[in-house]
Protein chains: 2
Amino acid sequence: MKKKPTIEDVAKAANVSVATVSRVVNRQGGVRKATEERIVRAIDELNYVRSAIARSMVRKETKTIGVIIPDFTNPFFSEVISGLQKSALGQNYFTLISSSNESKMIESEIIQHYIERGVDGLVVTTADEKGDHLDPVIKAGIPIVAVDRQLKNYEVDTVLTGNREGAYEAVKHLISRGHTDIAIIRGPQGTTPGLERYRGFERAMKEYDLPIREEWIGEGDFMEGSGFACAKRFYEASKRPTAIFSSNNKMSIGAVKALQHLNWKIAEEIAFVGFDDIEIATFIKPNLTMVSRHMRNLGEIAFQLLHDRMKNNQEVSTVKRQHILSPFLIVRDSCQKFY
Amino acid sequence: MKKKPTIEDVAKAANVSVATVSRVVNRQGGVRKATEERIVRAIDELNYVRSAIARSMVRKETKTIGVIIPDFTNPFFSEVISGLQKSALGQNYFTLISSSNESKMIESEIIQHYIERGVDGLVVTTADEKGDHLDPVIKAGIPIVAVDRQLKNYEVDTVLTGNREGAYEAVKHLISRGHTDIAIIRGPQGTTPGLERYRGFERAMKEYDLPIREEWIGEGDFMEGSGFACAKRFYEASKRPTAIFSSNNKMSIGAVKALQHLNWKIAEEIAFVGFDDIEIATFIKPNLTMVSRHMRNLGEIAFQLLHDRMKNNQEVSTVKRQHILSPFLIVRDSCQKFY
DNA sequence: CTGTTAGCGCCTTCAA
DNA sequence: TTGAAGGCGCTAACAG
């Protein structure tokens, strides 16, 4: 209720010096048993909690890492931060998590906050892969790990998924089921996932000598609405594709919504695969075949890399490390061959 | 790269005193234009960022609020924190968000972290509504706002949903469609949402003089698995219900999974309503009728209440304020009357 | 308008 | 095994 007790209050109550209290609070040992007990009792009685602020002030570290994701409501990121936070807590690191809402500007603000608060490291899925706006972080000498999207202008550790590979497998799967008229809902081509998944699509198509039609390339923005719009456009195309590959989870949601809306029958009339599994995949009538990945792992690995940098006083290896997790295809029922 | 510049470095570079630098950094005015410009230039050149830590140290406030939710991967909470964080940022407050995973122990740890870090306020959806473990927060004089679940042992501001009311409406809707044999998948009866939603169910049943059968009461834990199990039990009951009310989103997911698995046809053979809308609701064949609520609002209001307390130096009103948001029924196709 | 200075609560030598 | 004392970077009087 009243003001918070300080280490000095404890010292007074236990009749020792602050230095001694500090020793027991930090478990440094070298304190007589009896003294320690007296101090512990005083701590309890006063409800003393040591101030992380004052501590950070002198230690020059906060045991805190900043995390930036583009969207709280995307389940993919929920899983990632879930894994990340658990790993961090295990090493006694605390996580600050913020969403940029895919805005570079907001991301900059968040970064400012993080630097002011002295985070020891940063994990970021950036809204802008050029990444100039991360300059302050670099300048401050704060280690960074990029997740899912790269930071092109800087040599930072990166955790990625085999985007190209995953898309390639998905499209190949479609082809193996007899499809040749395949459309793609692309993500923003300025982002690694957007571009790479397109490249995977492209590779598969080329490998089998299949034409990539202009009207079968939908430009999406990784949001639901664009998935819906693209699917609709495909339906209205001069020639309809027989299969669709969607580049991320939210666009898949939108696309499926559109297919249902148009009564364009999945599997029977239009095959479908999407990148990143979604909850509805196993609920709707023909279950959806999807490219999936170990999301929590992404978060865990990201923390490992960062932790490494943080304790190794940054200078150990200046080489950028890249970790690529392989996605995997979950074959269900939405890509049946049909004639 | 090297060590971070301090206010003193800036002062030296601009050839002024630290006090003056502080004035311009904090926009307090009373500094000659020319001087200010000189300082700003120095700040830019040195990449100076003021240390929130040192600042908090003397101001005795961190402009930071702690948030505890039970589960990152529950979309309900994603929405809530999304709204919360946006409101907070608007008032220049920073949010620390952590998940307790429904564990009281983890929640305690998080609380410890928060107190150490000197949060100015706390927003919590607790894993244990008795809330004794929040004692340290109370003792530290940190204002609290409870969201979605109460803290029974303390008089703190609370934001709730009309749980009873929502459940009541849902069940009445079922009844109005001709159902009399209604089962419920309950949440933990030790939680406000769990208990209140049951009470709503009960009230509707009593009002219409319908029997509540033992075997039609499923004990769930708000997690997917229990929803699945309960639905299965209903199916195997000596007498099958014709309608199911599920008490939360995750259990609804599980229940629907079970219904599909059992090939127990929704709407045709078994009506269904659930509390909290879910994405699959509009995807599966008969669209699911659901009780929904303005989730982002919950977060926004929570912040309002907290903000109020924080600036009013806590003593203005010791009265506990309670804010109840009304849920609303979204009628779709899963409760058709059938005979 | 600008500068000086006393802390904020804690950790960390250095002595005792 | 313990204590004394100097900061960490910043803000907020108080003086000029």
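Per chain, the residues get numbers from 1 upward, laid out in the order the sequence is written. As a convention, the first chain written is A and the first ligand written is 1, with the rest following in written order. The predicted nature of this model means local features are confined to residues of pLDDT at least 70 and side-chain atom pairs, given and counted, to a pLDDT of 80 or more, with totals for whole chains, interfaces and linings taken over all residues. No hydrogens and no water enter the side-chain calculation; it runs on all heavy atoms of the structure.

- You'll find chain A entered in an unreviewed UniProt entry as Catabolite control protein A, with Sutcliffiella rhizosphaerae given as the organism.

1. What to know about the UniProt feature "domain: HTH lacI-type" (unreviewed entry) in chain A
Then step 1. UniProt positions are given in the numbering used here, feature names are shortened, and annotations may be inferred rather than shown by experiment. UniProt annotation of "domain: HTH lacI-type" (unreviewed entry) refers to residues 5-59 of chain A when read in the numbering used here.
Then step 2. In this annotation, residues 5-59 of chain A is assigned 69% helix and 0% strand; the end-to-end C-alpha distance for the span is 21 Å. Secondary structure is summarised from DSSP: a helix means a run of H or I of at least four residues, a strand means a run of E of at least two, and numbering begins at the N terminus for each.

2. Thoughts on the protein's contact with DNA strand D
Then step 1. Of all residues adjacent to DNA strand D, which total 27 residues, the nearest are Ser17, Arg23 and Thr35 of chain A together with Ile7 and Tyr48 of chain B.
Then step 2. Whether a residue is near a molecule or strand depends on its heavy atoms: if one lies within 4 Å, it is near. Counting only the atoms of DNA strand D that lie within 4 Å of the protein, the sugar and phosphate share comes to 64%.
Then step 3. The separation between a phosphate oxygen of DNA strand D and a polar main-chain atom of Ile7 of chain B is 2.2 Å.
Then step 4. One of the side-chain nitrogen or oxygen atoms of Asn26 of chain B is found 3.2 Å away from a phosphate oxygen of DNA strand D.
Then step 5. Only helix 2 (18-25) and helix 4 (52-59) of chain A together with helix 2 (18-25) and helix 4 (52-59) of chain B provide two or more residues apiece to the surface near DNA strand D.
Then step 6. Its residues placed into classes, the surface near DNA strand D shows 11 nonpolar, nine polar and seven charged. We define a polar contact as two N or O atoms separated by no more than 3.5 Å, with the added condition that, inside protein, one atom must be a possible hydrogen donor and the other a possible acceptor, whereas residues neighbouring each other in sequence contribute only through side-chain atom pairs. Following the grouping adopted for this structure description, the nonpolar residues are Ala, Val, Leu, Ile, Met, Phe, Trp, Tyr, Cys and Pro, the charged ones are Asp, Glu, Lys and Arg, and the polar ones are all others, Gly among them.

3. Looking at the packing of aromatic side chains
Then step 1. Classification of ring pairs uses Phe, Tyr and Trp, with its six-membered ring standing for Trp, and accepts pairs whose centres are within 6.5 Å; under 30 degrees between planes counts as stacked, over 60 as edge-to-face, and the remaining range as tilted. Here the structure, examined in full by the defined rule, presents 10 aromatic pairs over all chains.
Then step 2. Both rings, one in Tyr235 of chain B and one in Trp264 of chain B, keep their centres 5.0 Å apart while their planes meet at 70 degrees; by these two values the pair is edge-to-face. Taken together, the residues Tyr235 of chain B in helix 10 (residues 224-235) and Trp264 of chain B in the loop between helix 11 (249-262) and strand 9 (271-275) connect sequence positions 29 residues apart.
Then step 3. With relative accessibility at 3%, the residue Trp264 of chain B sits in the buried group.
Then step 4. Placement of a charge over a ring requires the Lys NZ or Arg CZ to be within 6 Å of the ring centre, with the centre-to-atom vector within 35 degrees of the ring normal. Of note, Arg240 of chain A hangs over the ring of Tyr235 of chain A, and the distance from its end group to the ring centre comes to 3.7 Å. Burial status follows relative accessibility: with a 1.4 Å probe on protein chains alone, a residue under 20% of its type maximum counts as buried, one over 50% as exposed, and anything between as partly exposed.

4. Quick notes on the packing of helix 8 (residues 163-176) of chain A against helix 9 (residues 192-207) of chain A
Residue and element names in this part refer to chain A.
Then step 1. Comment: axis = line fitted to C-alpha atoms, over the contacting stretch for helices; angle = value between 0 and 180 degrees taken between N-to-C directions. For the pair helix 8 and helix 9, interaxial distance at closest approach is 7 Å and the crossing angle is 40 degrees. In this view, helix 8 runs oblique relative to helix 9, as classed from their interaxial angle. Note that helix 8 runs across helix 9; the crossing there is right-handed. For the pair formed by helix 8 and helix 9, the contact residues are Asn163, Arg164, Ala167, Tyr168, Val171, Lys172 and Ile175 on the first element and Thr192, Pro193, Glu196, Arg197, Arg199, Gly200, Phe201, Arg203, Ala204, Met205 and Glu207 on the second. Every angle not falling under 35 degrees, over 145, or within 65 to 115 is termed oblique; those three ranges are roughly parallel, roughly antiparallel and roughly perpendicular. Two helices crossing with the near one rotated counterclockwise from the far one by less than a right angle form a left-handed crossing, whereas a clockwise rotation gives a right-handed crossing. Any pair of residues with heavy atoms lying within 4.5 Å of one another is described as a contacting pair.

5. Things to note about the nonpolar core
Then step 1. To define a nonpolar core, start from buried Ala, Val, Leu, Ile, Met, Phe, Trp, Tyr and Cys residues and group those joined through side-chain atoms within 4.5 Å. Ile244, Phe272 and Leu288 of chain A together with Ile244, Phe272 and Leu288 of chain B are the most contacted members of the largest nonpolar core, which totals 56 residues.
Then step 2. Looking at this core, the elements that each hand over two or more residues are strand 6 (182-186), helix 10 (224-235) and helix 11 (249-262) of chain A together with strand 6 (182-186), helix 10 and helix 11 of chain B.
Then step 3. For Phe272 of chain B, the contacting residues outside a window of four places in its chain are Ile244, Ser246, Ser252, Ala255, Val256, Leu259, Ile266, Leu288, Thr289, Met290, Ser334 and Cys335 of chain B.
Then step 4. Of all hydrophobic cores here, the second largest spans 48 residues; its members include Val123 of chain A together with Val67, Ile69 and Val159 of chain B.

6. Remarks on the sheet that holds strand 6 of chain B
Residue and element names in this part refer to chain B.
Then step 1. Two strands are said to pair when DSSP picks up at least two bridges between them. As summarised here, the arrangement of the six strands in space is 7-6-8-9-10-12, forming an open sheet in which the pairing is mixed. The open sheet has two edge strands with one neighbour each: strand 7 (217-219) and strand 12 (328-330). Direction aside, neighbouring strands of the sheet carry axes that sit 15 degrees apart on average.
Then step 2. Alignment of strand 8 (residues 243-246) against strand 9, held across four bridges, turns out to be parallel. Counted as the bridge partner of Phe245 is Val273 from strand 9.
Then step 3. With respect to the sheet, helix 10 is in contact with strand 6, strand 7 and strand 8, its orientation differing from that of strand 7 by roughly 150 degrees.
Then step 4. Lying on the sheet, helix 11 is in contact with strand 6, strand 8 and strand 9; it crosses strand 9 at an angle near 160 degrees.

7. Examining the interface of chain A and chain B
Then step 1. Taken together, the contact pairs 51 residues of chain A with 51 residues of chain B.
Then step 2. Buried area is understood as the total, over both parts, of accessible area removed when two parts are fitted together, assessed with a 1.4 Å probe. Taken together, the two surfaces of chain A and chain B that pack against each other cover about 4,600 Å², and 63% of this comes from carbon and sulfur.
Then step 3. Counting the surface chain A buries against chain B, the share from its top three residues, Ile53, Phe94 and Phe283 of chain A, is 16%.
Then step 4. For salt bridges, the criterion is a side-chain nitrogen of Lys or Arg within 4 Å of an Asp or Glu carboxyl oxygen. Here chain A is connected to chain B by two salt bridges.
Then step 5. A salt bridge links Glu116 of chain A to Arg50 of chain B; the shortest N-O distance between them is 3.0 Å.
Then step 6. The tally of links from chain A across to chain B stands at 14 residue pairs in polar contact (both at pLDDT 80 or more).
Then step 7. Considering each element in turn, the side of chain A that touches chain B owes the most residues, seven residues, to helix 5 (residues 75-90) of chain A.
Then step 8. Residue classes in the side of chain A that touches chain B are distributed as 20 nonpolar, 20 polar and 11 charged.

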